[in-house]
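Chains, contacts and geometry: an overview
The lines below spell out each chain.
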Amino acid sequence: MSFDSAPINLTHHFLIAMPGLEDESFARSVVYLCEHSERGALGLIINKPTDITLKGLFDKVDLSLRREDLTKEPVFQGGPVQTERGFVLHEPMLMDKGETDESAYASTMTIPGGLEMTTSKDVLEALSTGAGPRRVLITLGYSSWGEGQLESELAENAWLTVAADLSVIFDTPVPERYDRALSLLGLQAWMLSPEAGHA
């Protein structure tokens with residue numbers, strides 16, 4: 001198999017775990033890829049809630065949460081890396097400085113396609129006052145792949161990929177996100193065989 005073709009860029013795509021993917025962290029997971037380049041990939045699992053609510057998380061960092069719509073929302077397991085750190089996936093929040101497209105928060109990755117991922121506490125402080133981004137998904141930990149690692153997992157049929165649909169992240173009930181992501185490809189879980197096909 002030659003790798004001479006143009007490198008694939010799956011930024012702002014979902015990775016959908018195939019049934020044969022038995023790694024406990026990733027079984028039946030949907031990963032939103034925040035970044036993908038020849039150096040590797042970084043993403044957040046969007047369908048594995050923890051038993052911590054956002055109110056519980058805010059209590060832990062000594063912030064009140066004045067957003068009734070968020071208090072009962074779960075914190076998600078974003079992946080097996082840095083599970084003690086929080087990652088906030090949210091709609092873009094730009095500075096009110098006219099022309100600049102600079103994020104309102106200190107440590108923010110702007111994802112081409114329309115979201116931002118912030119790791120600095122200022123986004124939590126904004127949410128605690130009732131401000132901040134309207135739609136958020138907060139994870140502990142993230143998922144990452146080294147150079148060429150994701151490409152080889154794709155070649156082994158570990159993942160399906162599809163362009164991300166933000167309604168899956170923000171509007172779909174958590175238990176339905178896996179099936180909803182599959183439906184973007186016109187698939188249902190029963191159609192997938194856990195065996196990798198080798199012609």
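Residues numbered from 1 in each chain as written. Predicted model: local features only at pLDDT ≥ 70, side-chain atom pairs only at ≥ 80, totals over all residues. Heavy atoms only, no water.

Observations regarding the environment of M93
Using the following cut-off: What counts as a helix is a DSSP run of H or I of at least four residues, what counts as a strand is a run of E of at least two, and both are numbered from the N terminus. Each residue is placed in one exposure class: buried if its accessible area under a 1.4 Å probe, protein chains only, is under 20% of its type's maximum, exposed if it is over 50%, and partly exposed if it falls in between.
Here M93 shows up in the loop between β6 (81-90) and β7 (108-111). By relative accessible area, M93 is classed as partly exposed at 23%. Here the alpha-carbon distance between M93 and T110, two residues 17 residues apart in the chain, equals 10.0 Å.

Details of unusual backbone geometry
Phi at R28 takes a positive value of approximately 55°, unusual for a residue other than glycine. Structurally, R28 can be placed in the loop between β1 (13-17) and β2 (30-37). Of note in the backbone geometry, N157 takes a positive phi value of approximately 60° without being a glycine. Within the secondary structure layout, N157 lies in the loop between α3 (149-155) and β10 (159-163).

Some words on the nonpolar core
The tendency in soluble globular proteins is for nonpolar side chains to be buried as a group. Put simply, the test is: Working definition of a nonpolar core: buried Ala, Val, Leu, Ile, Met, Phe, Trp, Tyr and Cys residues. They are joined through side-chain atoms within 4.5 Å. Throughout, a contact is declared for two residues whenever any of their heavy atoms are within 4.5 Å.
F14, Y32, L89 and I169 are the most contacted members of the largest nonpolar core, which has 28 residues in total. Once residues within four sequence positions are removed from consideration, Y32 is found in contact with H12, H13, F14, L42, G43, L44, I46, L89, I111, L115, A164 and I169.

With respect to the packing of aromatic side chains
Aromatic ring pairs are reported here in terms of the distance separating the ring centres and the angle at which the planes meet. Just so we agree on the cut-off: Only the six-membered ring of Trp is used, alongside the rings of Phe and Tyr, when aromatic pairs are assigned; centres must lie within 6.5 Å, and planes under 30 degrees apart are stacked while those over 60 apart are edge-to-face, with the rest tilted.
Under the counting rule described, the total for this entry stands at five aromatic pairs. Note on F87 and Y142: the rings are 5.2 Å apart at their centroids and 65° apart in plane angle, and the pair reads as edge-to-face. Of this pair, F87 sits in strand β6 while Y142 sits in strand β9 (residues 136-145), and the two are 55 residues apart along the sequence. Residue Y142 is classed as buried on the basis of its relative accessible area, which comes to 15%. Linked through ring pairs, F26, W145 and W159 together constitute an aromatic cluster.

Focus: the environment of P80
Among the secondary structure elements, P80 is positioned in the loop between β5 (74-77) and β6. When the C-alpha positions of P80 and S144 are compared, they lie 8.5 Å apart, and in sequence the two are 64 residues distant. Sequence-distant contacts of P80, defined by excluding residues within four places in its chain, comprise S25, F26, Y142 and S143.

Considering the side chain of H12
In plain terms, the rule: Counting of polar contacts relies on pairs of N or O atoms within 3.5 Å, with two restrictions inside protein: one atom must be capable of donating a hydrogen and the other of accepting it, and residues adjacent in sequence are counted only when both atoms are side-chain atoms.
With respect to the secondary-structure elements, H12 resides in the segment before β1. At 2.7 Å, the side chain of H12 and the side chain of Y32 are in polar contact. Each residue touching H12, except ones within four places of it in the same chain, is listed here: Y32, L33, I111, P112, G113, A163, A164 and L166.

Focus on the layout of surface pockets
Using the following cut-off: Residues are said to line a cavity or pocket when one of their atoms sits within 4 Å of a point; the points come from a 1 Å grid over protein atoms alone, cavities being sets where a 1.4 Å probe fits but cannot get out and pockets being open sets with protein on both sides within 12 Å along at least five of seven lines. Grid points are joined across faces, edges and corners, and a volume is the space filled by probe spheres set on the points. Nonpolar residues are Ala, Val, Leu, Ile, Met, Phe, Trp, Tyr, Cys and Pro. Charged residues are Asp, Glu, Lys and Arg, and all others, Gly as well, are polar.
By volume, the second largest pocket amounts to about 230 Å³. If you trace the second largest pocket, you find 17 residues lining it, with L70, E73, R135, V136 and F170 closest to the centre. Going through the elements one at a time, β5, β9 and α4 (166-170) are the ones with two or more residues in the lining of the second largest pocket. The class makeup of the residues in the lining of the second largest pocket is eleven nonpolar, one polar and five charged.

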